Amino acid sequence: GSLFPKLYLKYYEEDYREVHTKEAVAENVEVVYVPLAQIMTTDKAKSSTIGQAIRRSGYVMNCSHSWLACYLCQEKHNPESYWRPFIDILPDKYYNMPIFFNEHYNKHLKGSYSLEMAATRNKQLRQEYEGIVRRCPEFRKYHYLEFVWGRLAVITRIFSLDINGRTTDGLVPMADMLNHHPTRQTTWGYSDKKQGFVMTTTQKVGSDEQLFDSYGRKWQGRYFVNYGFTIDQNYEDNDAVIHARLEDSDPLYHQKRRQLGSWTVREFQPQAHWARKAKDMMAFFRTAAATSEELARRPNFNDHISIRNESAALTLLEKACDVSLGKFEHSLQHDHKLLKQNKWEDTNHRNCIIMRAGEKEVLMWYKNLSRIGRKLLAVPLKNQEAEAPAKGKRLRVYYEAHVLPLVKAASRRC
């Protein structure tokens with residue numbers, strides 16, 4: 001059977017628990033072993049009674065997680081289920097998930113893209129459920145909320161596994177109880193040799209300390225909407241929605257529209273550092289701000305064009321950030337004050353504030369990039385290094401890629 005002799009579950013509330021060590025654990029120690037027979041895989045779900053019924057119906061799942069969700073619904077209603085001990089320790093409710101939030105919590109999220117993300121998730125879940133019951137009468141005995149319960153149980157604890165050369169998803173008892181930390185303390189996978197799931201420590205863990213896994217680097221909205229928690233000070237991976245538009249009144253509308261691949265309205269969701277999403281966004285703004293001459297001599301779509309164009313594009317970026325910030329009821333300073341006071345109705349309230357504050361931090365970072373970028377574009381080359389962002393700062397990457405080359409080119413022409 002499953003083995004985890006050095007670990008135990010420590011409950012703080014009915015719906016909150018942590019995996020703790022019973023004793024100090026050294027690095028590279030196997031702390032969890034779960035044999036294949038006790039892993040609920042997608043293949044087993046497809047081979048189950050309800051899985052076969054859905055397959056016979058011809059319905060094509062929109063999300064592979066739905067196979068396990070349907071299997072969980074079937075087994076939850078079976079008092080003799082082999083999976084009964086596992087199902088009994090799964091949460092009955094997911095009050096921390098934004099898809100269940102009412103106006104009491106949603107009012108704290110006004111302006112946040114997480115509201116639309118949760119609404120989209122609800123729509124997708126409803127469409128999947130209705131698609132299944134429309135084609136498969138055997139599943140109609142299960143209520144929509146039971147299906148949602150199954151999907152949430154899956155998304156919050158699923159592992160992707162390579163079992164005997166075949167990739168599948170699986171629910172792994174005990175291993176799925178570890179909470180997330182950006183710095184993982186474990187590594188895991190399926191061992192063909194041991195015919196089971198193995199989790200091993202990657203560092204020393206003290207006695208009665210919480211043992212963490214990492215769910216991987218994700219933007220804050222995914223943690224919040226998919227898992228029901230947020231990450232404090234998630235500066236590297238917070239993101240925000242910034243809208244870009246090519247105005248119909250632009251005299252060069254059709255020419256610019258061709259360069260934009262017919263996209264005249266875009267929704268970008270960058271993090272606060274100069275990476276692919278930010279580059280794509282600035283390419284749009286450069287196109288929107290370009291003159292006819294600048295469009296004609298543009299070196300390539302993602303590169304800068306001229307000091308005038310870069311400054312104009314940065315102005316469009318700042319205005320777009322102001323539009324996004326204007327959708328929030330409170331300022332970033334207000335949110336920081338709440339976080340400093342650290343007095344909350346409950347965890348959901350705190351998560352809402354962390355979520356929206358992270359978005360505002362990203363928007364303010366791009367406003368700052370825009371202002372600093374425009375200022376430096378007007379600084380003579382000889383004074384650049386004294387005025388430039390310090391090496392190692394996130395703004396330095398944008399500066400070295402675009403501002404400095406433009407200023408150098410202008411200096412050579414002079």
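See the structure above.
Residues numbered from 1 in each chain as written. Predicted model: local features only at pLDDT ≥ 70, side-chain atom pairs only at ≥ 80, totals over all residues. Heavy atoms only, no water.

Time to look at the overall build of the protein. Broken down by element type, the protein carries 16 helices and 12 strands. Counting only C-alpha atoms, the protein reaches 80 × 55 × 45 Å along its principal axes. When burial is assessed residue by residue, the protein has 51% of its 414 residues classed as buried. Residue pairs at least 24 apart in sequence account for 67% of intrachain contacts in the protein once pairs closer than 6 positions are excluded. For the protein, the accessible surface area stands at approximately 20,700 Å², while carbon and sulfur atoms represent 50% of it. (Helix = DSSP H or I, 4+ residues; strand = E, 2+ residues; numbered from the N terminus. Buried < 20%, exposed > 50% of the residue type's maximum accessible area, 1.4 Å probe, protein only. Contact = heavy atoms within 4.5 Å. Areas by Shrake-Rupley, 256 points an atom, 1.4 Å probe, with all protein chains shown as cover.)

For the rest of this paragraph, the subject is the sheet that holds strand S4 (residues 40-41). Taking strand neighbours across the sheet as the criterion, the 3 strands line up as S4-S6-S5 in an open arrangement whose pairing is antiparallel. Of all the strands in the sheet, the pair left with one neighbour each is S4 and strand S5 (158-163). (Pairing = 2+ DSSP bridges.)

Attention now goes to the side chain of Glu-318. You can see Glu-318 is positioned in helix H12 (residues 307-325). There is a polar contact of 2.9 Å between the side chain of Glu-318 and the side chain of Arg-374. With near-sequence residues (within four places) excluded, Glu-318 lies in contact with Lys-367, Ser-370, Arg-371 and Arg-374. (Polar contact = N/O pair within 3.5 Å; in protein donor to acceptor, adjacent residues only side chain to side chain.)

An order of S3-S9-S8 is seen for the 3 strands of this open sheet, with the pairing classed as antiparallel. Looking at the sheet topology across the chains shown, the edges are occupied by strand S3 (30-35) and strand S8 (186-191). Neighbour-to-neighbour, the strand axes of this sheet turn through a mean angle of 15°, independent of strand direction. Across 5 bridges, S3 lies against strand S9 (residues 196-201) in antiparallel orientation. Looking at the pairing, Pro-35 lines up with Gly-196 of S9. (Axes fitted to C-alpha atoms, helices over the stretch in contact; angles between N-to-C directions.)

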